[in-house]
Protein chains: 2
Amino acid sequence: MHYVKIIVFDEECFQGRRHEFTSECCNVMEFGFETVRSLRIESGAWIGYEHASYQGQQFVLERGEYPQCDAFSGSNAYHIERMTSFRPIACANHRECRMTIYERENFLGRKGELSDDYPSLQAMGWCNNEVGSLRIQSGAFVCYQYPGYRGYQYIMECDRHCGEYKHFREFGSHSQTPQIQSIRRIQQ
Amino acid sequence: MHYVKIIVFDEECFQGRRHEFTSECCNVMEFGFETVRSLRIESGAWIGYEHASYQGQQFVLERGEYPQCDAFSGSNAYHIERMTSFRPIACANHRECRMTIYERENFLGRKGELSDDYPSLQAMGWCNNEVGSLRIQSGAFVCYQYPGYRGYQYIMECDRHCGEYKHFREFGSHSQTPQIQSIRRIQQ
């Protein structure tokens, strides 16, 4: 895995207590943070989680500046104001991403092969606003509840769960619905 | 321009008063709507606007289902609960999108050529969290304030402003900042 770095701050706009991480952090409170209010990704792609130990809502973090919670927390639909744990996405590879989506759970029903970014699955021919299960052959993807990369985010990696997500409850620790309407690759 | 259709509802989850549009709507209140609470894009790519006459915050709408305001309103950073006008994006062409971004206003400074989706401009080599001006040669793009397609949205089209946006105040009627950290093509 190549070099990765995230810098977190406990105040907005990169002020206050500061800490750099070059590997995963299971609980930022152990570093004296009550919460993270701004952050900068210097290298790599990361996942932020609402709760400690990589639980709760998840959101992708790519290189750039996030001056306030609104800039990194995932969703309008379920607004969160906290990031308590985070880890790099080892297998992110923007050029070689392949996944198969299935209409029903356990890899059943109609299927679709994806290797690009899809702001609307329906526009590319998927006749459903849901995905029952999916398999990642290579790379990492973010799946979103609504078109245009909005709503709940689920991050799917080829090197987790053996790349297999056979029921929507495996999409994330907070996932309540199989609704997925846009999918994109993750950029390292 | 090919056939386009949006269906809007004044209650969440596609309930209540309903109206179909196959062309632009300058003010949905003229059709007896107080606001739009859910919508479905059946065909085409559209722009929704906060205020009448295509003013205020703007957000891209692609094919799929948006069961509540949170699903279509653009941004976490500036949360809106209303869509009052909307229009189709005539020139959206996912396969042939080309734009040039410039470091400074009036097409000055360093430049970058884009023809793909960029969840992080910094990851692709743009050393700045701002774009001073830009020119669209073909197609239509959405530019976002933060990485990963978050924050304010600005929709840029080759057939508006002659494809030229020479100052951030031309990015949209509400634009307050030249900060742009992710850009993607719009899918018809």
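What counts as what
Residues numbered from 1 in each chain as written. Chains lettered and ligands numbered in written order. Predicted model: local features only at pLDDT ≥ 70, side-chain atom pairs only at ≥ 80, totals over all residues. Heavy atoms only, no water. UniProt positions renumbered as here; feature names shortened; annotations may be inferred. Helix = DSSP H or I, 4+ residues; strand = E, 2+ residues; numbered from the N terminus. Rg over C-alpha atoms; globule rule 2.2 N^0.38 Å. Buried < 20%, exposed > 50% of the residue type's maximum accessible area, 1.4 Å probe, protein only. Contact = heavy atoms within 4.5 Å. Lys, Arg positive; Asp, Glu negative; His and termini not counted. Charge placed at Lys NZ, Arg CZ, Asp CG, Glu CD. Pairing = 2+ DSSP bridges. Axes fitted to C-alpha atoms, helices over the stretch in contact; angles between N-to-C directions.

In the annotation of an unreviewed UniProt entry, the entry for chain A reads Beta-crystallin A4, and the organism field reads Oncorhynchus tshawytscha. According to UniProt, the comment filed for chain A under the heading Subunit (unreviewed entry) is "Homo/heterodimer, or complexes of higher-order. The structure of beta-crystallin oligomers seems to be stabilized through interactions between the N-terminal arms." The heading Sequence similarities (unreviewed entry) in the UniProt record of chain A holds the text "Belongs to the beta/gamma-crystallin family."

Novice: In this structure, what is going on with the overall build of chain A? I would like to understand it.
Specialist: Within chain A one finds one helix and 14 strands. Taking 16 Å as the expected radius of gyration for a compact globule of 188 residues, we find that chain A reaches 16 Å, a close match to that expectation. With the C-alpha coordinates of chain A rotated into their principal frame, the extents come out at 50 × 35 × 25 Å. Within chain A, the fraction of its 188 residues that count as buried is 62%. The contacts in chain A between residues at least 6 apart in sequence include a share of 67% that link residues at least 24 apart. Counting 20 positive and 24 negative side-chain charges, chain A places the averaged centre of each group 4 Å from the other.

Novice: Help me understand the sheet that holds strand E2 (residues 15-21) of chain A, please; the structure alone is not making it clear to me.
Specialist: What links the strands of a sheet is backbone hydrogen bonding, and the strands pair in either a parallel or an antiparallel sense. Residue and element names in this part refer to chain A. Sheet architecture is open: four strands sit in the order E2-E1-E3-E6, paired in antiparallel fashion. Looking at the sheet topology across the chains shown, the edges are occupied by E2 and strand E6 (64-66). For this sheet, the mean angle separating the axes of adjacent strands, direction not counted, is 15°. Of the pairings in the sheet, the one linking strand E1 (residues 5-11) to strand E3 (residues 38-43) comprises five bridges and is antiparallel in character. The partner of Ile6 across the bridge, within E3, is Ile41.

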